[in-house]
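Read off the chains here:
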Amino acid sequence: MPNEIFFFSGTGNSLALAKSLAGKLGNTRLTRIAYTDDAEIVSTAEKVGIIYPVYSFGMPKIVKAFIGKLKVPPNSYVFAVCNYAGMSGSSMKQTQKALAAGNIKLNAGFGLVMPSNYLPFGGAEPEEKFQKKVGRAETRLERIAGIVKAGESRNIENPWYFPYWLTELANRYFLKSIVKEVKKLHADDKCTGCGLCTKVCPTVNVRLVEGKPQWGTNCELCLACLQWCPVHAVQMGNISPDRKRYHHPDIQAKELITDREF
Ligand SMILES: Cc1cc2nc3c(=O)[nH]c(=O)nc-3n(C[C@H](O)[C@H](O)[C@H](O)COP(=O)(O)O)c2cc1C
């Protein structure tokens, strides 16, 4: 396959973008970024893309770990697309640095605004706002596809001025806070024990114990467990019962439960 796009996605935005871009590029294999023991992740594609959501102004830790294991052919064209609800911080700079540590050049890096899935900051956005964001992202994807097809190298996008050290600081704080936040995740009486939360978790961090989910410590806080629960039984402390759940409407949970190959 001439093109390969690796994607990480909790609630489907990044997967929707990856699928759309793959359709525009043609001949593209989609590979999910999820927990793996593999020491190396090897792509033989001529063009390699990485699509991920911004977490706390930077890359999710699972994406950082993935980049640390990635091996690509010496002359491959590498691009990345981050997506976020409002502020990307210095995510793309982080991506560029992480790739450079493995001697991989980032040829082009883009940022796209997408609907928010971060429930602690509010529930799903209103339909009108959703449509606007998704429509704009789709238009920009057309342009990105053209750049990738042409193999054009360009400066990474930094849509918001944001000092790199601030991104690093916010990330460090976020990583510490995950430990606290994951303890707030629990299932209420509505839980039917269907186990979907265990399957959509990209880090295999949720297990059913006597028919009810329990969370370990290897959490990304992607909130897939909460957002995909079919009966809205997964809660985050006491803030979630009244907040509207979100996942990208064109993506189904089963698309996020396959192993690495997609
Ligand atoms: C833990 C967490 C942290 C987030 N941090 C940011 C952020 O710093 N800036 C931002 O604009 N959006 C942030 N978001 C929103 C997501 O980046 C955005 O909704 C993204 O499109 C979700 O992609 P997905 O559906 O593929 O998981 C955050 C979401 C989560 C779950």
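The structure this text deals with has already been given above.
What counts, and at which threshold
- Residues numbered from 1 in each chain as written.
- Predicted model: local features only at pLDDT ≥ 70, side-chain atom pairs only at ≥ 80, totals over all residues.
- Heavy atoms only, no water.
- Near = heavy atom within 4 Å.
- Polar contact = N/O pair within 3.5 Å; in protein donor to acceptor, adjacent residues only side chain to side chain.
- Areas by Shrake-Rupley, 256 points an atom, 1.4 Å probe, with all protein chains shown as cover.
- 1 Å grid on protein atoms, 1.4 Å probe; cavity = no way out; pocket = protein on both sides within 12 Å on 5 of 7 lines; lining within 4 Å.
- Sits in = over half its atoms within 2 Å of the grid points.
- Nonpolar A, V, L, I, M, F, W, Y, C, P; charged D, E, K, R; others polar.
- Buried < 20%, exposed > 50% of the residue type's maximum accessible area, 1.4 Å probe, protein only.
- Helix = DSSP H or I, 4+ residues; strand = E, 2+ residues; numbered from the N terminus.
- Pairing = 2+ DSSP bridges.
- Expected span 1.5 Å × (residues − 1).
- Bend = angle between axes of the 7 residues up to and from the residue.
- Contact = heavy atoms within 4.5 Å.
- Phe/Tyr/Trp six-rings, centres within 6.5 Å; stacked < 30°, edge-to-face > 60°.

Peer 1: Honestly, the site of the ligand in this entry has me stumped. Any pointers?
Peer 2: Surveying the vicinity of the ligand reveals 23 residues, the closest of which are Ser-9, Thr-11, Ser-14, Asn-83 and Gly-86. Thr-11 places a polar side-chain atom, nitrogen or oxygen, 2.5 Å from an oxygen atom of the ligand. The side chain of Ser-14 places a nitrogen or oxygen atom 2.6 Å from an oxygen atom of the ligand. Across the complex, the protein chains shield 95% of the 650 Å² of accessible surface that the ligand would expose by itself. If you map the ligand onto the pockets, it falls in the largest pocket. Broken down by class, the residue content of the shell around the ligand amounts to 12 nonpolar, 11 polar and no charged.

Peer 1: Just to check I follow, could you spell out the pairing of strand S6 (residues 77-84) for this structure?
Peer 2: Each regular strand shows side chains that alternate between the opposite faces of the sheet. The element S6 is extensively covered by neighbouring structure, given that eight of its eight residues are classed as buried. Where burial is concerned, the two faces of S6 agree: the one with Tyr-77, Phe-79, Val-81 and Asn-83 and the one with Val-78, Ala-80, Cys-82 and Tyr-84 are both buried. Bridge analysis of strand S4 (residues 47-53) against S6 gives seven bridges, and the strand direction is parallel. What sits directly across from Pro-53, in S6, is Asn-83.

Peer 1: Where do I start with unusual backbone geometry in this structure?
Peer 2: Glycine aside, negative phi is the norm for most residues, and most peptide bonds take the trans geometry. Phi at Phe-57 is positive, roughly 65 degrees, even though this residue is not glycine. Secondary-structure assignment places Phe-57 in the loop between S4 and helix H2 (61-69). Unlike most non-glycine residues, Asn-103 shows phi in positive territory, near 60 degrees. On the secondary structure map, Asn-103 appears in the loop between helix H3 (91-101) and strand S7 (108-113). What makes Asn-103 exposed here is its relative accessible area of 75%.

Peer 1: When you look at helix H5 (residues 164-182) in this model, what are you seeing that I'm missing?
Peer 2: When the terminal C-alpha atoms of H5 are compared, their 27 Å separation across 19 residues agrees well with the 27 Å that a helix rising 1.5 Å per residue should span. The largest bend along H5 measures about 30 degrees and falls at Lys-176. By the burial criterion, the buried members of H5 are Thr-167, Ala-170, Asn-171, Phe-174, Ser-177, Ile-178, Glu-181 and Val-182. Looking at the buried positions of H5, the neighbouring elements they touch are H2, H3, strand S8 (185-187), strand S10 (212-215) and strand S11 (234-236).

Peer 1: So what exactly am I meant to see when it comes to the packing of aromatic side chains here?
Peer 2: Centre distance and the angle of the planes are the two values used to describe a pair of aromatic rings. Following the criterion strictly, the structure yields six aromatic pairs and no others. Seen from their ring centres, Phe-8 and Tyr-55 are 6.2 Å apart, and the 80 degrees between their planes marks the pair as edge-to-face. Of this pair, Phe-8 sits in the loop between strand S1 (3-7) and helix H1 (13-25) while Tyr-55 is found in the loop between S4 and H2, placing the two residues 47 residues apart along the sequence. Exposure class is identical for Phe-8 and Tyr-55. Each is buried. Judged by centre distance (4.9 Å) and plane angle (90 degrees), the ring pair of Tyr-118 and Phe-121 falls under edge-to-face. The exposure class of Tyr-118 is partly exposed, given its relative accessible area of 24%. What links up through ring pairs into an aromatic cluster is the set Phe-8, Tyr-55 and Phe-174.

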